[in-house]
Amino acid sequence: MTYGWPQLEFTRPEWLWTVLLLPVLVAYFYRSLVDLPWRQMVTSLVVRCVIVLLLILALCGLNWMNRTQQVFVVFAVDESLSVGTKGHEKTEDFLRAATTDRDEESFAILPFASVPGSFQTTLRPDEQATETELQTSIDGARRQWQEGTDLQSVVDIATAGIPPHFVPHIVLLSDGNETDGDVMATVASSGPRISTVPLATRDDPELQVSAVNVPAQVAEGEPFRIEVVIDSNHDDQVVVEVFSGDYRIASELQQIKEGENRFYFTQQVKQPTEFAARIKQPAGTASSALDSAAGTAVSEHFHDTLLDNNMASGMVFTAGRPRVLLIESVPEQARNLEWAMNEEGIVVDTRPAQGMPESLTDLRNYEVLILSNVPATDLSAQQMDVIRAYVSQLGGGFIMLGGDESFGLGGYYKTVVEDVLPVRSDFEKEKEKPGLGMVLIIDKSGSMGGQKIEMAKDAARAAVDLLGPKDQIGVIAFDGSPYWVSEVRGGSQKGTVMDRIASIESGGGTTLYPAMEQAFEALQSISAKLKHVIILTDGHSTPGDFDGITNQMAASRITVTTVGIGDADQNLLERIAQAGRGRYYFANDVTSIPQIFAKETMTASKSAINEEPFLPMVIRSTPVLDGINFDESPFLLGYVVTRPKATSEVILTAETGDPLLCWWRYGLGMSVAFTSDAKSRWAAEWLTWNGYNRFWSQVIRHCMRKSESKGFVVDIQRRGSHSKIVIDAVDSDGQFLNMAETEITLVDPQLNATSIAVRQTAPGRYEAEVEMATPGAWHVQMTQKLNGQTQHQQSRGLVVGYSDELRLRTTNEDLLKSIAMSTGGTFEPDAASVFEAMASETAATATPLWPRLLIIAMILFVADVALRRLDMSNIFGTELHREEMRS
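Notes on the structure follow. What you see is a predicted model, and the numbers here were worked out from it, not measured in a lab.

### Quick word on the overall build of the protein
Helix and strand counts for the protein stand at 21 helices and 44 strands. Buried residues in the protein amount to 52% of all 887 residues. Pairs at least 24 residues apart make up 75% of the contacts formed inside the protein by residues separated by at least 6 positions. Carbon together with sulfur atoms contributes 51% to the accessible area of the protein, which is approximately 40,200 Å² in total.

In structure tokens, the structure reads:
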């Protein structure tokens, strides 16, 4: 129902219930004993009711609503990098012309780039503002280096910031080049009028690598073309370089014409590869000065303003023989496994520990990762995190083989790799194993403060935790002098020892020799078949007879291992370890210290390894062992002692019952532990067994990452920082695969995994929206299940490069015209007209009435007091009082 103007409204109508007080006043009137004329009393009652009614209306927030055409304008100013100098000059002129002589309360200025800032109300040119002050304000608003244009967010924020009781009008000054969001989705709904002012884009000399186009997937060894797209706003000459991973595969001098240029390079790959293209200044030309604040360069022969857009990447996947990455401490010993798997159609790429990938981009090229006798001390924390992400998020297969530097002997106790494995590195020691007596000597000098001492304490606790009840452990801390943190105690009291380790605090000098003397004396006085000392220090000790004390320890069958960090005396520590028949470690990364201590503890105890010949025992039947007769298998000559985790599947064991082969699901992938090896040390007799090839090929194929693409088509469409993943799936009969449980895991360049919601939008089609804002290689793992059975599983990668804001584009006048037309605004309006309302535009302006109501109530209150206290018979007549009337 439409009402005319003016109107009344209540801002707090919930107080209308107080009108129930009026009957109370009437009741009180009839019970009053005041002896005044009847008409005077009735007049007083009416006045009091009016007072109460006025107070109620004031309490309810009564407003007088009227129609207004007063306009509030928000000037949304594009300060993104794509706007050129002419665009900024046009903005300044338009703002000056539009806001001069305007009331400060009638407009606001909203500078924006990728993320809109707050309303800026100080940028208002008026009669008092000088030209210099105005320019300073505008320059200050532009200083933020923003790479992006999100017009949708700008319109939303501007709309929300317009105060009520005004006719809203947004004036959008922009080049119209969106890099994020969808402004038309916002303006399509009802909203304020938006007028648009087109701004010119940058016209500085610019070269950019717009795209590196490669096929999504090719067959292994299949030739394909790499298309490098280069855009320029002028003629120039550049060197175009193409990289395959870290290797440059092409470098050509090319003439660049104004506009779009396309260059092609032929390549073939055997594994998924990231290709990158880069342009650079030709050799021999004058080098340019680089403005680090703005990232610009100017050269006589190489005209380019922005350097960040001179490189782009693309990723191509291969379909061919499965690939396995084998990390082997001694690569020459992996030849037998390589040859065997090659005969089974599996490609094995063998690398030393130094070749372990540091990123998922390299590791995702393989279906399975195998670690063969590689200690944890040879892997960085980043590499271990990559292994976990590869298995859990990308569905990769992971196999750890046994050896004297694997599992617990390799220091994997309580690492992220042990989390992935189906076995634990700690174990219950057999009764016949020799007892271990060990003393930890920890440097607590002042240089060990902060993370160093905390890592040292973590390492000591991990070492103590690995000991059995028949072992003995003591801890000495030293600075200028040594002291016993914990005297030598039995392993059954390791909880007490770990508590005392926590009390160590850094401070003081570095005097190692007395600590070694006390450790030697303590170990001589205990009965243990194995005795070991671990020394940790980060400095240079005061002089002492280190050779003498170490030789005495060695003569008493006490082994000594040294660990140096930071500015440690490496020559001394290495000499002590060599004379003490132990090992020397230098920890570049303090976070590796716990792994070193765990490795040393397991090695010193000599109880994590069993080197007696045995025959594998089949515990659980599985198709993986089909065609393999273990009754005819040769002996294995040793294995590492481990314990299976609760939910793992133990397939093979040694004759002692210790696990030999077991696996489990970890995230999207599978992890396998084989506690013996696959080379000539423990599997020497297996190398000539006819079941060797079949056993390892079936185990590897069982755990490898599944990547069946038949009937499963993936398309990733990127727009700004957002991407749209579209999956089209059919079943084996070619029918649309509907109602499938679809899972998408997104792994960012920092290895953080996120599960993405997927919705079915059409028969066989599934879609998901993801945000990919961080530059670098992103990985997408997709899995589809139907009735609990996996139908499809596939991996994809996407390289996020520079922002779209850095691309060469002209002003998008079509979009700006569409915005204005959809909202009833004006494209390129006159500055003087932006504060004029259209004939159909009105807003309700409110005038609060409560001050007036209170004033009237106060005047009536005085009148009511007079009516109650004064006899006004001469005014109201001499009629009988109520008592006389009642009688």
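Past the structure itself, the notes keep going.
### With respect to the sheet that holds strand 42 (residues 776-786)
Taken in spatial order, the four strands of this open sheet run 39-38-42-43, and their pairing is antiparallel. Each edge of the open sheet is held by one strand with a lone partner, namely strand 39 (753-756) and strand 43 (789-800). The average angle at which neighbouring strand axes cross in this sheet is 20 degrees, direction not considered.

### Remarks on the pattern of salt bridges
Taken as a whole, this structure holds 25 salt bridges when the rule is applied. Several salt bridges converge on common partners, so that one network encompasses Glu241, Arg248, Arg278 and Lys280.

### Some thoughts on the packing of helix 14 (residues 546-555) against helix 15 (residues 570-579)
Angle between the axes and distance between the axes: these two values describe a pair of packed helices. Axis separation between helix 14 and helix 15 bottoms out at 9 Å; the angle between their running directions is 25 degrees. Between helix 14 and helix 15, the angle falls in the class roughly parallel. The chirality of how helix 14 crosses helix 15 is right-handed. Residue-level contacts link Phe546, Asp547, Thr550, Asn551 and Ala554 of helix 14 to Leu572, Arg575, Ile576 and Ala579 of helix 15. Tallied by class, the residues present in the contact of helix 14 with helix 15 amount to five nonpolar, two polar and two charged.

### Let's talk about the pairing of strand 6 (residues 193-198)
With six of six residues buried, strand 6 is to be regarded as a mostly interior element. The alternating pattern of strand 6 places Arg193, Ser195 and Val197 on one face and Ile194, Thr196 and Pro198 on the opposite face, and all of these are buried. Summarising the sheet, strand 5 (residues 167-174) and strand 6 pair through six bridges and their orientation is parallel. For Val171, the partnering residue across the bridge sits in strand 6 and is Ser195.

### So, the side chain of Asn261
Checked against the element boundaries, Asn261 lands in strand 12 (residues 259-267). With a relative accessible area of 8%, Asn261 lands in the buried category. A polar contact of 3.3 Å, which involves the side chain of Asn261, links it to the backbone oxygen of Gly259. If near-sequence neighbours (up to four positions away) are discounted, Asn261 is found in contact with Val228, Val229, Ile230, Gln255 and Ile256.

### Brief notes about the nonpolar core
Leu369, Phe398 and Val417 are the most contacted members of the largest nonpolar core, which totals 44 residues. Elements that contribute at least two residues to this core include exactly strand 18 (323-328), helix 8 (360-363), strand 20 (368-372), helix 9 (381-392), strand 21 (397-401), helix 10 (416-420), helix 16 (593-605) and strand 34 (659-666). Take this core: its biggest share by element is six residues, from helix 9. Look past the residues within four positions of Leu369 in its chain and what remains in contact with it is Leu325, Ile327, Met356, Leu363, Ile387, Tyr390, Gly397, Phe398 and Ile399. The next biggest cluster of nonpolar side chains, apart from the first, holds 40 residues, and it includes Ala334, Leu661, Trp686 and Ile700.

### Some points on the packing of aromatic side chains
As enumerated under the stated definition, the model contains 19 aromatic pairs in all. A centroid spacing of 6.2 Å and a plane angle of 75 degrees characterise the contact between Phe75 and Phe107, whose relative ring orientation is edge-to-face. In this pair, Phe75 is assigned in strand 3 (residues 71-78) and Phe107 in strand 4 (residues 107-112), connecting sequence segments 32 residues apart. Note on accessibility: Phe75 and Phe107 belong to one class, buried. Where Phe614 meets Tyr639, the ring centres are 5.1 Å apart and the plane angle is 75 degrees; that geometry is what we call edge-to-face. Of this pair, Phe614 sits in the loop between strand 29 (609-610) and strand 30 (617-618) while Tyr639 sits in strand 31 (residues 639-640), placing them 25 residues apart in sequence. The class of Tyr639 is buried, set by a relative accessible area of 2%. One aromatic cluster in this structure is built from Phe630, Phe674, Trp686, Trp689, Phe695 and Trp696.

### A look at the environment of Ser44
Within the secondary structure, Ser44 sits in helix 2 (residues 38-59). For the pair formed by Ser44 and Leu860, sequence separation is 816 residues and the distance between their alpha carbons is 9.7 Å.

### Description of unusual backbone geometry
You will see that Leu751, though not glycine, has its phi angle at about 70 degrees, which is positive. Judged by its relative accessible area of 16%, Leu751 falls in the buried class. One non-glycine residue, Glu828, adopts positive backbone phi at about 55 degrees. Within the fold, Glu828 resides in the loop between helix 18 (813-823) and strand 44 (843-848). Overall, the relative accessible area of 44% leaves Glu828 in the partly exposed class.

### Quick notes on the pairing of strand 35 (residues 669-674)
Here is the key point about a regular strand: its side chains alternate between the two faces of the sheet. Strand 35 sits mainly inside the fold: six of its six residues count as buried. Pairing geometry for strand 21 and strand 35, over five bridges, is parallel. What sits directly across from Leu401, in strand 35, is Phe674. Strand direction decides the pairing type here: strand 34 and strand 35, joined by six bridges, are antiparallel.

### A closer look at a nonpolar patch on the surface
On the surface, a nonpolar cluster with roughly 570 Å² of combined accessible area is contributed by Trp15, Trp17, Val19, Leu20, Leu53 and Leu59. With respect to the helices and strands, Trp15 occurs in the loop between strand 1 (7-10) and helix 1 (21-30).

### Overview of the side chain of Thr537
Along the chain, the position of Thr537 falls in strand 26 (residues 530-537). Non-local contacts of Thr537, meaning those with residues more than four positions away in its chain, are made with Asp443, Phe478, Thr510, Val563, Gly564, Ile565, Ala568 and Leu573.

About the criteria used
- Residues numbered from 1 in each chain as written.
- Predicted model: local features only at pLDDT ≥ 70, side-chain atom pairs only at ≥ 80, totals over all residues.
- Heavy atoms only, no water.
- Helix = DSSP H or I, 4+ residues; strand = E, 2+ residues; numbered from the N terminus.
- Buried < 20%, exposed > 50% of the residue type's maximum accessible area, 1.4 Å probe, protein only.
- Contact = heavy atoms within 4.5 Å.
- Areas by Shrake-Rupley, 256 points an atom, 1.4 Å probe, with all protein chains shown as cover.
- Pairing = 2+ DSSP bridges.
- Axes fitted to C-alpha atoms, helices over the stretch in contact; angles between N-to-C directions.
- Salt bridge = Lys/Arg side-chain N within 4 Å of Asp/Glu carboxyl O.
- Parallel < 35°, antiparallel > 145°, perpendicular 65-115°, else oblique.
- Left-handed = near helix turned anticlockwise from the far one by under 90°.
- Nonpolar A, V, L, I, M, F, W, Y, C, P; charged D, E, K, R; others polar.
- Polar contact = N/O pair within 3.5 Å; in protein donor to acceptor, adjacent residues only side chain to side chain.
- Core = buried A, V, L, I, M, F, W, Y, C linked by side-chain atoms within 4.5 Å.
- Phe/Tyr/Trp six-rings, centres within 6.5 Å; stacked < 30°, edge-to-face > 60°.
- Patch = residues over 30% accessible without salt bridge, like charges linked within 9 Å, V, L, I, M, F, W, Y side chains within 5 Å.

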